[in-house]
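Structural characterization, general
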Amino acid sequence: MSNPPTTTTATSTTPSYYYPHELAMDYSSLKDAGPAERPLEFPTPTVRRGFQCTTRALDHRTGKVHRVSRVLIPKQQPSDVAYLIRKKVAKSIYGSIFQSVLLNRRSTHERRENRHDIDETIEWKSTEQIYAVKVSSWHRMRHMRGRHLEDPIKEIAAMQLVGDYHSNVLGAIAVLQDEQYLYTVMPYCSGGDSPKQ
């Protein structure tokens, strides 16, 4: 690690360091400032209840109805979205990351209109939107707590704090939990990790 450039002033022979934000501080000023502060703590993440189920969904491209399993649905009533968990794209320390398809709840009007003789009880319809769902095991998290640097709870708190307000920042779309797993829904990046490219 290289040292920042030093400069001296006419009144002092003690070097001052100039940083990009143009603040000058010498050693005695740093010493007088007191001990370092603790890093900021992340706020408690917002995690909602969810559940996985098997249901029937309308394929928006073909108009056919399929029986689909591993559908993740938020328990908030009524939920207008669900996530069809598809193929595994990566492993994580506490579980796996899956590609998922966003399902939208069909409106009452659309279900009554019934253009294609589709059963009115079909609630869900697929979309073109793809998301990544990180599925982390509560059992693994409890077992490895304190033994590993990665902490899914802090990761979620950081993602929610940062948000998804910028195209280069991946925030959490939704965070759900059931008795076995913690689900983090994020934008899907088909290119993979930066180090792998």
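These notes cover the structure that comes with them. What you see is a predicted model, and the numbers here were worked out from it, not measured in a lab. (Residues numbered from 1 in each chain as written. Predicted model: local features only at pLDDT ≥ 70, side-chain atom pairs only at ≥ 80, totals over all residues. Heavy atoms only, no water.)

Describing the side chain of Thr184
Relative to the elements of secondary structure, Thr184 occurs in strand β10 (residues 181-187). When sequence neighbours within four positions are dropped, the list of residues in contact with Thr184 reads Ala132, Val133, Lys134, Ile156, Met159, Ala172, Ala174 and Val175. (Helix = DSSP H or I, 4+ residues; strand = E, 2+ residues; numbered from the N terminus. Contact = heavy atoms within 4.5 Å.)

Side note on the pattern of salt bridges
Any two side chains of opposite charge can pair if their charged atoms end up close together. The final tally for this structure, using the stated rule, is five salt bridges. Here Glu179 and Arg49 are joined by a salt bridge, their closest N and O atoms 2.6 Å apart. One end of the pair, Glu179, is in the loop between β9 (174-177) and β10; the other, Arg49, is in strand β4 (residues 48-58), with 130 residues separating them in the sequence. (Salt bridge = Lys/Arg side-chain N within 4 Å of Asp/Glu carboxyl O.)

Remarks on the layout of surface pockets
Of the voids in this model, the second largest pocket is the one considered here, and its volume is about 230 Å³. Considering the residues around the second largest pocket, the lining is formed by 15 residues, among which Asp59, Arg61, Arg86, Val101 and Ser126 are closest to the centre. Listing elements by their share of the lining of the second largest pocket, those giving two or more residues are β4, β5 (65-74), β6 (81-92), β7 (95-105) and β8 (124-137). Top contributing element to the lining of the second largest pocket by residue count: β8, with four residues. Its residues assigned to classes, the lining of the second largest pocket shows seven nonpolar, four polar and four charged. (1 Å grid on protein atoms, 1.4 Å probe; cavity = no way out; pocket = protein on both sides within 12 Å on 5 of 7 lines; lining within 4 Å. Points joined across faces, edges and corners; volume = space filled by probe spheres on them. Nonpolar A, V, L, I, M, F, W, Y, C, P; charged D, E, K, R; others polar.)

Digging into a nonpolar patch on the surface
Judged by side-chain polarity, Phe42, Leu161 and Val162 come together as a nonpolar surface patch covering roughly 280 Å² of accessible area. Checked against the element boundaries, Leu161 lands in helix α4 (residues 152-162). (Patch = residues over 30% accessible without salt bridge, like charges linked within 9 Å, V, L, I, M, F, W, Y side chains within 5 Å. Areas by Shrake-Rupley, 256 points an atom, 1.4 Å probe, with all protein chains shown as cover.)

Some thoughts on the pairing of β4
As paired strands, β4 and β9 are joined by two bridges and run parallel to one another. Opposite Arg49, over in β9, you have Gln177 as the bridge partner. Across eight bridges, β4 lies against β5 in antiparallel orientation. Each bridged residue has a counterpart across the sheet, and for Arg56 the counterpart in β5 is Arg67. The loop that links β4 with its antiparallel partner β5 comprises six residues; one of these, Gly63, has a positive phi angle of about 80 degrees. Pairing geometry for β4 and β8, over two bridges, is parallel. The residue bridging Leu58 from the neighbouring strand is Lys125, located in β8. (Pairing = 2+ DSSP bridges.)

Regarding the pairing of β10
Among the seven residues that make up β10, five are buried, leaving the element largely enclosed by the rest of the structure. The pairing of β8 with β10 spans seven bridges and is antiparallel. What sits directly across from Ala132, in β10, is Met186. Pairing of β9 with β10, which is carried by four bridges, proceeds in the antiparallel orientation. Paired with Gln177 across the two strands is Leu182, which belongs to β10. (Buried < 20%, exposed > 50% of the residue type's maximum accessible area, 1.4 Å probe, protein only.)

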